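Reading the structure
Residue strings, one per chain:
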Amino acid sequence: MSIKAGLVGLPNVGKSTLFNALTKSSVPAENYPFCTIDPHIAITETPDSRLAKLKAIYNSEKIIPATVTFVDIAGLVKGAASGEGLGNQFLSHIRDVNLILHVLRCFEDPEILHQGETIDPIADYEIIIDELMLSDLDSINKRLAKLEKSVRTGSPAEKKASEQEQTLLNEIKTAIDNADPERVRSLIDQAPVETVPLLSGKNFLIIANIAENEIGSANNNQHYQTLVKKFGNNRVIPVCAKLEYELAQLSHDDAQEMMGMLDMQESGLAHIISTTYAQLGLITFFTCGPKEIHAWPIKKGMAAPAAAGEIHSDLQRGFICAETFNYNDLMTLGSEAKIKEAGKMRKEGKEYIIQDGDIIHVRFNV
């Protein structure tokens, strides 16, 4: 399953610095607007403590973790929907991601240029959302013009579907006119029909880029507090991009030592990756053996045949059953042999819904 999260923000908010930390790559992060012209893409492992324990039990040669692809999208500016700052190109890159990570500046530093006169992450967020909604209005109006023709000339079934979509798009237009992106997302989530993909309706998280001396005390940052009040604790992640970049350059042991000195339980990067994974509604199942432990990300609620298809299309096409047990039972009992003895090994058919932590072996015939 391809999972993409796009880092979006105004110029000079720390977005490329954070991307460098996430991927240990060398994306330029100079202190001027539009240094990131093309989107940069990199794959980051999803932290999962279960993998090492499974590797020890199976004595496997290697681990293949679940991954998330992060996209560094060049800084947006006011007027992007009209083409300002190469805006149309940047907006098209946002269209391709599953989750938007809004990187918002919450630190003061006179040496780093800022878009406005003062640090105001809410205003920065609203500039971005306004541009996304303006772009959506253009898409909606083009779609409504096509639907009008379908209502006039289509079959009764086509006319009914087109009228339903018209109603939905007009309600979304009203939400956009009222500058209400939450209403846009709600309408899309509950829509009885599909319509054109909309940028302002995408799922999102807020990355609050705070100063290094505020690590562990983000609640003392008034900008972070304002973001939490508006979006809630579950959507706002406090991170110091500069510190995360420095940690990413260290060896594992040195990074752990530095985190200990700063009283950090986990890195901000690990928090971002795991929260991104959860926000997209993903769970993990495993295939295990002496060659490898492989973590497979899937959408929660996926049935066994479709999950098998993530491994290989032949497994879905010829699916017979899945021999299944859960990671927690394996940790309790210690081996597959004891799993079988305890009656915890099950044969599940096509209706079975895969659970997080399931370990499966697919029986198939093609």
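My aim in this report is to walk through the structure given alongside it, one point at a time. Treat the numbers as computed from the prediction; the structure is a model and nothing was measured.

The rules behind each value
- Residues numbered from 1 in each chain as written.
- Predicted model: local features only at pLDDT ≥ 70, side-chain atom pairs only at ≥ 80, totals over all residues.
- Heavy atoms only, no water.
- Buried < 20%, exposed > 50% of the residue type's maximum accessible area, 1.4 Å probe, protein only.
- Helix = DSSP H or I, 4+ residues; strand = E, 2+ residues; numbered from the N terminus.
- Arc of directions from axis to C-beta.
- Contact = heavy atoms within 4.5 Å.
- Pairing = 2+ DSSP bridges.
- Axes fitted to C-alpha atoms, helices over the stretch in contact; angles between N-to-C directions.
- Polar contact = N/O pair within 3.5 Å; in protein donor to acceptor, adjacent residues only side chain to side chain.

**A word on helix α11 (residues 304-311)**
Among the residues of α11, Ala304, Pro305, Ala307 and Ala308 are the ones counted as buried. The buried residues of α11 all sit within an arc of 160° when viewed along its axis, so they share a single face. Buried residues in α11 make contact with β8 (282-288), β9 (292-299), α12 (313-317), β10 (319-326) and β12 (358-364).

**With respect to the sheet that holds strand β5 (residues 99-105)**
Strands pair in a sheet through their backbones, by hydrogen bonds, and they do so in one of two ways: parallel or antiparallel. The sheet built from six strands is open, its strands ordered β2-β4-β1-β5-β6-β7 with mixed pairing. This sheet does not close on itself; its edge strands, each paired only once, are β2 (40-45) and β7 (236-239). Looking at each pair of strands side by side, their axes are set apart by 25° on average, direction ignored. Note that strand β1 (residues 4-8) and β5 share four bridges and pair parallel. Within the sheet, the bridge partner assigned to Leu7 lies in β5 and is Leu101. The strands touched by helix α4 (residues 121-153) within the sheet are β1, β5 and β6 (203-209), with β5 carrying the most contacts at an inclination of about 145°.

**Observations regarding the pairing of β6**
For β6, the tally of buried residues reaches six of seven residues, placing the bulk of the element in the interior. Pairing of β5 with β6, which is carried by seven bridges, proceeds in the parallel orientation. Bridging across to β6, Leu104 finds its partner in Ala208. Bridge analysis of β6 against β7 gives four bridges, and the strand direction is parallel. By the bridge assignment, Ile206 is partnered in β7 with Val236.

**Description of the side chain of His294**
Looking at the secondary structure, you find His294 in strand β9. What makes His294 buried here is its relative accessible area of 12%. A distance of 3.4 Å separates the side chain of His294 from the side chain of Glu292, its partner in a polar contact.

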